[in-house]
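Tertiary structure, described
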Amino acid sequence: MTEASEHAFSTEVHPADAPGALGQAAELLAQGQLVALPTETVYGLAADARSPEAVARIFEAKGRPAGNPLIVHVDSVEMAKDCVAAWPSAAAQLAEAFWPGPLSLVLPKADSIPDIVTAGGATVAVRCPAHPVFSAVLAKCGFPLAAPSANRSNRVSPTRAEHVVDQLGGRIPLILDGGACDLGIESTVLDLTGDTPTLLRPGMISLGQLQAVLGPVATAKPPAAAEPLKSPGQLQRHYSPRAKLILVKGDFGAALGQADETTHVIARTAAPAAWPSERWHRLPDAAAGFARELYDTLHRCDQLGAVTILVQPLPDGDKWVALRDRLTRAAGA
Ligand code: TXA
Ligand code: MG
């Protein structure tokens, strides 16, 4: 596969509510081109999920390894059923409870979904996003859209159009700007192909919420190095900023004592008196607010030239599991 040149396109960025913007997006997608657009979780990089040529452009623009499958986005249960070979009652119950929303369901794939989407696998992840811009584009297209997060491979997912410009500018024709994403971290991914539903990637729809609908749900263990990956999103190092991120365990005050002028801090509490405010990023105390601002803050730390990012220990509890997962991966620990 040839690497997409950084300057192959002069990327257009349009407010999603500009006249004609949604129509232009749908037209490009129908022609097999890529469009970046907001979902309620993070920005996605969309292509016609039925077209192997269009989907190949996603892998090229992101520099994504061919072994990492994509999530197929749909605007209804009806469209989801066209993408899968079976729609078990668990899927029906979960769609009823959580769609449109940040939950991706892994099911046996239908023949209509080309192998490149699923990285050659027999399963496909489907999700019905809850963002009006994405829904409107799906409705105009009338076909499912494969869409990973709109970042270069292994980098932090974008939660604002500017993050997409930074990473994919020049590599894609169009970005729809719908403002900041509401949730801020990627969807929960749940595998429904085995005997017990299995959580592959935690998200803001928590294990407890899934169990309330389904009963028992297993949690996928991070694979040992030699094992084939069930979900490449389980790769340990992922979602990384350029700076070295440290999720502090134990004494936060002691960790701060080791900091120098290239150290930035992400915390839920105010900076100690002597700390320069431009290197102290205070995030909301509640998990939802913290998630909404986290990736934007990581992008900002990179822009400000952070060498190290210290993150204050996170609270315990179901609501923080997905955030701990992302930060642990970003730390590569
Ligand atoms: O919130 C989201 O899910 C965002 C927005 C754009 O919808 N998308 C997203 O896509 O995060 P991506 O490609 O960055 O992450 C998809 C994750 C990866 O960890 C991938 O390995 C996993 O889902 N995945 C996709 N298809 C799968 C499959 N058939 N079986 C197991 N894991 C799958
Ligand atoms: Mg991603």
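None of these values were measured; they are calculated from a predicted model.

1. A few points about the overall build of the protein
Of the regular secondary structure elements, the protein holds ten helices and 15 strands. Its C-alpha atoms give the protein a radius of gyration of 20 Å, near enough to 20 Å, the size a compact globule of 333 residues would have. Referenced to the eigenvectors of the C-alpha coordinate spread, the extents of the protein come out at roughly 60 × 50 × 40 Å. Buried positions account for 53% of the 333 residues belonging to the protein. Of all intrachain contacts in the protein linking residues separated by at least 6 positions in sequence, the fraction that spans at least 24 positions is 67%. Accessible area for the protein stands at about 14100 Å²; split by element, carbon and sulfur atoms hold 52% of it. Positive and negative charge centroids in the protein, built from 28 and 34 side chains respectively, lie 4 Å apart.

2. Some points on the sheet that holds strand β2 (residues 35–38)
Here we have eleven strands laid out as an open sheet, ordered β1-β8-β2-β3-β7-β4-β6-β5-β9-β10-β11, and mixed in their pairing. Among the strands making up the open sheet, the edge pair consists of β1 (12–15) and β11 (218–219). Its contacts with the sheet put helix α1 (residues 21–30) on β1, β2, β3 (43–48), β7 (145–146) and β8 (174–177), and the angle it makes with β8 is roughly 145°. Contacts from helix α2 (residues 52–62) reach β3 and β7, with the element oriented near 145° to β3.

3. Side note on the pairing of strand β5 (residues 103–108)
Extensive coverage of β5 is indicated by the burial of five of its six residues. As judged from the four bridges shared by β5 and strand β9 (residues 188–191), these two strands associate in the parallel manner. Bridge pairing in β9 places Ser104 opposite Val189. Alignment of β5 against strand β6 (residues 123–127), held across four bridges, turns out to be antiparallel.

Rules behind the numbers
- Residues numbered from 1 in each chain as written.
- Chains lettered and ligands numbered in written order.
- Predicted model: local features only at pLDDT ≥ 70, side-chain atom pairs only at ≥ 80, totals over all residues.
- Heavy atoms only, no water.
- Helix = DSSP H or I, 4+ residues; strand = E, 2+ residues; numbered from the N terminus.
- Rg over C-alpha atoms; globule rule 2.2 N^0.38 Å.
- Buried < 20%, exposed > 50% of the residue type's maximum accessible area, 1.4 Å probe, protein only.
- Contact = heavy atoms within 4.5 Å.
- Areas by Shrake-Rupley, 256 points an atom, 1.4 Å probe, with all protein chains shown as cover.
- Lys, Arg positive; Asp, Glu negative; His and termini not counted.
- Charge placed at Lys NZ, Arg CZ, Asp CG, Glu CD.
- Pairing = 2+ DSSP bridges.
- Axes fitted to C-alpha atoms, helices over the stretch in contact; angles between N-to-C directions.

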